[in-house]
Every structure is written in structure tokens, then in C-alpha cells.
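# Report on the structure
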Amino acid sequence: MLKINNLHAKVEDKVILKGLNLEIKPGEVHAIMGPNGAGKSTLGYVLSGREGYEVQEGDVSFKGEDLFEMDIEERASKGLFLAFQYPVEIPGVSNMEFMKESVNATREQRGEELLSATEFLKKAKEACKQVQLPLDFLKRGVNEGFSGGEKKRNEIMQMILLQPSLCILDESDSGLDVDALQVVANGVNSQRDSARSFIIITHYQRLLDYIKPDFVHILADGKIVKTGDASLAHEIEKEGYAFLGKEYEGVS
Ligand code: ADP
Ligand code: MG
Ligand code: MG
């Protein structure tokens, strides 16, 4: 699904990723943890093609093709989905219109039939119910005035509607109450299958009580420095990042 080889990237002249390697097979769930400022969000942004993030070295293949040869729309239509850490507001454009456009753009790229307004509305209502958002969220401006928890639920709804093949969720547990956390986790778990892969970026072990990862990676100073199974997340919860060296003592 995804193969990252020796990735170096910078933003605003600051080198952030410093030789990152990661391989994700179809159906796998990988959690990425790490201290603040390690480069976790940067990794998500580089993969999604966000402006301002410059790749200096290394390569990434996504479904066997060079990811960096694809523009943002192509990445999305080939099935890459990034749930943003700070989702943008688009006042004046309803959630429903926005989602319908995105879903149909993706279907068009894949050579699938476009959904009619009625067909889309049916799917959107189901997804809305699944993430426990009231139906009027479909009519509201994209993320306009949404609370943190509502934005996260909305992202999961987008994911369910878009049916991506690789989902990257960044700090989707930040500021979430237990109910919202479970909605995020249930949303992810409902979409898990042998073909779809996930990268779950998180500070806390908490989310991983609900989403059982196949692998847990520790990202520090721009590289994956340790890989393990779900038990690694529990170790971090208990011990913090002291094993990384003196500068990380007391950091968790
Ligand atoms: P994490 O998500 O692991 O907390 P980030 O990827 O957000 O870390 O950030 C990694 C480092 O890059 C941090 O030191 C951060 O301050 C820096 N950084 C991120 N974005 C920018 C930017 N636009 N300009 C300058 N520095 C940035
Ligand atoms: Mg951070
Ligand atoms: Mg971050």
C-alpha cells in the first residue's frame, strides 16, 4: 500500500523528517506515537502533498506508484485520505455539497458511476447516523462553528463516505471526550478490512484501547526509532519516552 524509503523533508528551511522508513501493507493498522514536535503531523502533510512541505531526499510509493509524481487531487482520488489535525472551515459551502463533490470527483477518477443527489443523500444520512451527528450537520457550512469533537466526527463521516484505501488520522483523539473517542474508534473499526490500511497518529495510548493497531512506531527527531506491537504503546504510557535519551526524560 505504502512504502516510505529514507524520507527527508523540510518546512520553512527547517529539516524535520530525517530519513524516515515505513512500510504498510493492505489491511494493516499502524499507530505512530512520539514526543511533541517529533514530526508526526509533518509526515501526514508531506504524504498528502500539502503546500510548503519540501521533500529533499527519499521516495514514497503508494500502490506501486511514485506518490510525489501525483498532485493533491490525484493522491486523494487514488485513495489517500488525511484527516487534518486542524480541519479548515469553508463558510458558505454546505457539508453536503462539499462531500458530494469530493465523493463524485473520486468516483469519476476511478471510472465509477456518479451518485445522484438522492443516492448521495441516502449514504450521507447513514454516515451521519453512524458518527452520531444530527442530520442538520449536512446542511451546515463545512466545519463552520463545529466543536472539536464535532469536527472529528465529521472527518470520520468524510472517511466513511470517501471509502479511501489509506487513511491517515492525525491526533484524532486530541480534546475528545470518551463518547467522541469511541465514535472515532468505531468509525475506524467499521472501515477496517483486508484491503484498507490506516496510519493513526496519536500522542496517547488511550485511542489504541479502542483501535487495536497491528504495529506501533515511535517517531522521534524525524525518524522511526522503534517499532513494536500494541504493547509498545502501553510501555510508553507507563515509562514515557525516557528510553530515547536524556532530553526526553519526563516527556510523555
Ligand atoms: P508533531 O506532530 O510530532 O508534534 P510537527 O510535525 O507538527 O510535530 O512539527 C515538527 C517540528 O517542525 C516542530 O518543531 C515544529 O515546530 C516544526 N514546524 C512544523 N511546521 C512548521 C512551519 N510551518 N514552520 C516552521 N516550523 C514548523
Ligand atoms: Mg503536536
Ligand atoms: Mg502533530
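Refer to the structure presented above.
Report on the accompanying structure. Per chain, the residues get numbers from 1 upward, laid out in the order the sequence is written. Chains carry letters and ligands carry numbers; both start at the beginning, A for chains and 1 for ligands, and go up in the order they are written. Note on the predicted model: pLDDT of at least 70 is required for a residue's local features to be given, and 80 or more for side-chain atom pairs to be given and counted; whole-chain, interface and lining totals, by contrast, use all residues.

## Observations regarding the overall build of the chain
For the chain, the helix and strand inventory stands at seven helices and 12 strands. Only C-alpha atoms enter the radius of gyration, while the globule expectation follows 2.2 Å times N to the 0.38, with N the number of residues. The C-alpha radius of gyration computed for the chain amounts to 18 Å, which stays within 12% of the reference 18 Å derived for 252 residues, consistent with globular compactness. Looking at the chain as a whole, 39% of its 252 residues are labelled buried. Note on contacts: residues are paired as contacts if their backbone-placed C-beta atoms lie within 7 Å. Nonlocal contacts in the chain, meaning residues at least 24 apart in sequence, comprise 69% of its contacts between residues at least 6 apart. Starting at the N terminus, helices and strands are each numbered in turn, a helix being any DSSP run of H or I of at least four residues and a strand any DSSP run of E of at least two. Here a residue counts as buried when 20 or more other C-beta atoms sit within 10 Å of its C-beta, as exposed when there are 12 or fewer, and as partly exposed otherwise, the C-beta atoms being derived from the backbone.

## A look at the sheet that holds strand 9 (residues 166–170)
If you walk across this open sheet you meet the six strands as 6-9-10-3-11-12, and the pairing is mixed. Each edge of the open sheet is held by one strand with a lone partner, namely strand 6 (80–83) and strand 12 (223–228). Taken pair by pair, the neighbouring strands of this sheet meet at an average axis angle of 20 degrees, ignoring direction. In this sheet, strand 10 (residues 197–201) lies alongside strand 3 (residues 29–33) in parallel orientation, the contact comprising four bridges. Its bridge partner being in strand 10, valine 29 is matched across the sheet by phenylalanine 198. Any two strands are treated as partners once DSSP identifies two or more bridges connecting them. Between the N-to-C directions of two axes lies an angle of 0 to 180 degrees, each axis being a line fitted to C-alpha atoms and, for a helix, fitted only over the stretch in contact.

## Examining the site of ligand 1
Think of it this way: take the backbone, place a C-beta atom on it, and check whether that atom is within 6 Å of the molecule or strand, in which case the residue is near it. Taken together, Val11, Glu12, Lys14, Ile16, Gly34, Asn36, Gly37, Ala38, Gly39, Lys40, Ser41 and Thr42 form the complete shell of residues around ligand 1. Within the residue set of the shell around ligand 1, elements represented by two or more residues are strand 2 (14–24) and helix 1 (40–48). The element contributing the most residues to the shell around ligand 1 is helix 1, with three residues. Residue composition of the shell around ligand 1, by class: three nonpolar, six polar and three charged. Under this grouping Gly is polar, as are all residues other than the nonpolar Ala, Val, Leu, Ile, Met, Phe, Trp, Tyr, Cys and Pro and the charged Asp, Glu, Lys and Arg.

## Side note on unusual backbone geometry
Although it is not a glycine, asparagine 6 adopts a positive phi angle of roughly 50 degrees. Mapped onto the fold, asparagine 6 is located in strand 1 (residues 2–11). The backbone of glutamate 12 sits at a positive phi, close to 50 degrees, despite the residue not being glycine. Its location among the elements puts glutamate 12 in the loop between strand 1 and strand 2. C-beta crowding within 10 Å serves as the criterion here: with 8 such atoms nearby, glutamate 12 is assigned to the exposed category.

## Digging into the sheet that holds strand 4 (residues 53–62)
Ordered in space as 2-1-4-5, the four strands form an open sheet in which the pairing is antiparallel. Of all strands in the sheet, those with a lone pairing partner are strand 2 and strand 5 (65–66), marking the two edges. Both strand 1 and strand 4 contribute to a ladder of eight bridges, which runs antiparallel. Each residue of the ladder has a partner; that of lysine 10, found in strand 4, is glutamate 54.

Read these as geometric descriptors, not functional statements.
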